[in-house]
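This is what each chain is made of:
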Amino acid sequence: MTAAGKHQVSRAHGRRLGRAGIRDVAAAAGVSITTVSDALNGKGRLPDATRRHVREVADRLGYRPSAAARTLRTGKSGLIGLTVTTYGEEPFTFTEFAYFAEMARAASSAALARGYALVILPGSTRQSPYDVWSNVALDGTVVIDPSDRDPVVTELVRQGVPVVSDGRPCGDLPVTAWVDNDHEAAVTGLLDHLAAAGARRIGLLTGTSTDTYTRLSTEAYLRWCERAGQDPVYEAYPAHDPCAGAVAADRLLARPDRPDAVYGLFDPNGTDLLAAARRYGLRVPDDLLLVCCSESAVYAGTEPPITTLSLKPGRIGTTVVQLLIDAIEGTGGGRPVQRIMPTDLIVRTSSQRRRRRTTVSAPRSPEQRGQA
């Protein structure tokens, strides 16, 4: 073999051992480079069988689109943002909470699967958020629980940045799509669960913010109380302040009309209520039934284990990112999209009142009855 031949074999061998390119996929699939691009990007008018074939070949070869090449070709950065704006200028490290952490993990994985990277943006800074975010070339942004008339969402949309919200936006907030739970059904279901366990006066720990999660959950509680003929018993506090939650739990259990069951809307409420119950000498679940909304595994190991409402943030994180990327790439149909996700009530000891034990004596013989 000549030196030139050896060089060509070496180049081909190196290409096979290295990262597969779009030309390799096209050659292996027997289609053009344009067809590969359209099949992998969801564009063009291709038969479904062709799209599946190209994707199978790309997966087999380990092909991954080049982010740099895509940026040059499309003018897009491949970056999408994720933030919480509910609490405005208040300090709030949202990834410390189990819901947001799980949602962010799922969103990051979903973004990478579509060739994008997720950027966690600060929800509050001393500067204007627009000044901070303008330093990052974002193709779109996911906003978690936007507040009523959220100025950040409004400004992003004004700048032409697609926004998808985790949480149903209030009024006519101009988001491209939103994903949320059915909070009415979730709250009604757990309140019915507490009532079936023997609760006669159910209380609520809620927040003071204007996001739809807090508003819809609180409204669902108030409507349930009206239907059940129960006076509402609730305390509200700023949910971004962890110390305020413990104080609100104490206030709720110190009331003269103290509830015999409580639902807490936020992650720390379970441990806050458990601690407050102990201070007042209340036994859980005998004297007080507890449920809180949380994704934390901690509640499976508390004493007693606490019933939690799961909002399934993993599913929500995946869905919001897929909807956002569809909007960025122009495959979403152009109309606002609304998705409702299921919830799951994980029932544990804290919401199941123990049955009273009764001792049944063995029947006595006639001789024993005569001796009595």
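If you look the protein up in an unreviewed UniProt entry, it shows as LacI family DNA-binding transcriptional regulator from Streptomyces chitinivorans.

> For the environment of D180, give the residues involved together with the corresponding values.
One can find D180 in strand 5 (residues 177-181). Here D180 falls in the buried class, since its relative accessible area comes to 3%. Expressed as a C-alpha distance, the spacing of D180 and Y213, which sit 33 residues apart in the sequence, is 8.6 Å. Those residues in contact with D180 that lie beyond four places of it in its chain are G167, R168, T212, R339, I340 and M341. Of note is the side chain of D180, whose polar atom sits 2.8 Å from the side chain of H183.

> Which residues make up the pairing of strand 6 (residues 202-207), and what are the values?
Strand 6 sits mainly inside the fold: 6 of its 6 residues count as buried. The side-chain alternation of strand 6 yields two buried faces, one formed by I202, L204 and T206 and the other by G203, L205 and G207. Bridge count between strand 6 and strand 8 (residues 261-264): 4 bridges; the pairing is parallel. Residue pairing across strands places G203 opposite V262, the latter belonging to strand 8. Pairing of strand 6 with strand 7 (residues 233-237) involves 5 bridges; the strand directions are parallel. If you follow L205 over to strand 7, its bridge partner there is E235. What joins strand 6 to strand 7 is helix 10 (residues 212-228), and the crossover it makes is right-handed.

> Give me the pattern of salt bridges: which residues, what numbers.
The final tally for this structure, using the stated rule, is 12 salt bridges. Here R158 makes a salt bridge to E155, at a shortest N to O gap of 2.7 Å. With R158 and E155 both in helix 8 (residues 151-158), this residue pair falls 3 residues apart, about one helical turn. One salt bridge connects E184 with R223, and the closest N-O pair in it is separated by 2.3 Å. With E184 in helix 9 (residues 183-196) and R223 in helix 10, this pair connects stretches of sequence that are 39 residues apart. One network of salt bridges, with partners in common, ties together E235, R251, R255 and D257.

> Break down the side chain of T218 for me, citing the residues and quoting the values.
With respect to the helices, strands and loops of the structure, T218 is situated in helix 10. T218 sits in the buried class, given a relative accessible area of 14%. In contact with T218, not counting residues within four places along its chain, are L204, T206 and L265.

> I'd like a description of the sheet that holds strand 8, backed by residues and values.
As summarised here, the arrangement of the 6 strands in space is 7-6-8-9-10-12, forming an open sheet in which the pairing is mixed. Two strands close off the open sheet at either side, each with one partner strand: strand 7 and strand 12 (344-346). Each neighbouring strand pair of the sheet contributes to a mean axis angle of 15°, computed without reference to strand direction. As paired elements, strand 8 and strand 9 (residues 289-293) share 4 bridges and run parallel to each other. Its bridge partner being in strand 9, Y263 is matched across the sheet by V291.

> Please set out the packing of helix 9 against helix 10 residue by residue, giving values where relevant.
Here helix 9 crosses helix 10 at 45°, and the two axes come no closer than 9 Å. Taken together, helix 9 and helix 10 sit at an angle that is classed as oblique. In the crossing of helix 9 with helix 10, the sense of the turn from one axis to the other is right-handed. Where helix 9 abuts helix 10, its residues H183, E184, V187, T188, L191, D192 and A195 lie against Y213, L216, S217, A220, Y221, R223, W224 and R227. Residues of the contact of helix 9 with helix 10, tallied by class, amount to 8 nonpolar, 3 polar and 4 charged.

> Residue-level account of the nonpolar core, with values.
If you look at the biggest cluster of nonpolar residues, it comprises 69 residues, and the most contacted ones within it are I80, L194, Y263, V320 and V321. If we ignore the near neighbours within four places in the chain, the residues touching I80 are A111, Y116, A117, L118, V119, L138, G140, V321, L324 and I328. Counting residues in each nonpolar core, the second largest holds 10 residues, with V25, A39, V57 and Y63 among its members.

> With reference to specific residues and values, describe the side chain of T188.
In this fold, T188 is placed in helix 9. A residue is classified by how much of its surface remains accessible, and T188, at 17% relative accessible area, is buried. The contacts of T188, once residues within four sequence positions are left out, are W224 and R227.

> An account of the environment of R105 is requested, with residue identities and associated values reported.
Counting through the fold element by element, R105 comes out in helix 6 (residues 98-113). On the basis of relative accessible area, R105 is assigned to the exposed category, the value being 55%.

> Give a detailed account of the packing of aromatic side chains, specifying residues and quantitative values.
Going through the model one piece at a time under the given rule, you end up with 3 aromatic pairs. When the ring of Y99 is compared with that of F100, the centres are 5.4 Å apart and the planes differ by 90°; the resulting orientation is edge-to-face. In this structure, Y99 and F100 share a single accessibility class: buried. Note on Y213 and F266: the rings are 6.1 Å apart at their centroids and 70° apart in plane angle, and the pair reads as edge-to-face. Taken as a pair, Y213 in helix 10 and F266 in the loop between strand 8 and helix 12 (269-279) lie far apart in primary sequence, 53 residues in all.

Rules behind the numbers
Residues numbered from 1 in each chain as written. Predicted model: local features only at pLDDT ≥ 70, side-chain atom pairs only at ≥ 80, totals over all residues. Heavy atoms only, no water. Helix = DSSP H or I, 4+ residues; strand = E, 2+ residues; numbered from the N terminus. Buried < 20%, exposed > 50% of the residue type's maximum accessible area, 1.4 Å probe, protein only. Contact = heavy atoms within 4.5 Å. Polar contact = N/O pair within 3.5 Å; in protein donor to acceptor, adjacent residues only side chain to side chain. Pairing = 2+ DSSP bridges. Right-handed = clockwise from strand over helix to strand, strands pointing away. Salt bridge = Lys/Arg side-chain N within 4 Å of Asp/Glu carboxyl O. Axes fitted to C-alpha atoms, helices over the stretch in contact; angles between N-to-C directions. Parallel < 35°, antiparallel > 145°, perpendicular 65-115°, else oblique. Left-handed = near helix turned anticlockwise from the far one by under 90°. Nonpolar A, V, L, I, M, F, W, Y, C, P; charged D, E, K, R; others polar. Core = buried A, V, L, I, M, F, W, Y, C linked by side-chain atoms within 4.5 Å. Phe/Tyr/Trp six-rings, centres within 6.5 Å; stacked < 30°, edge-to-face > 60°.

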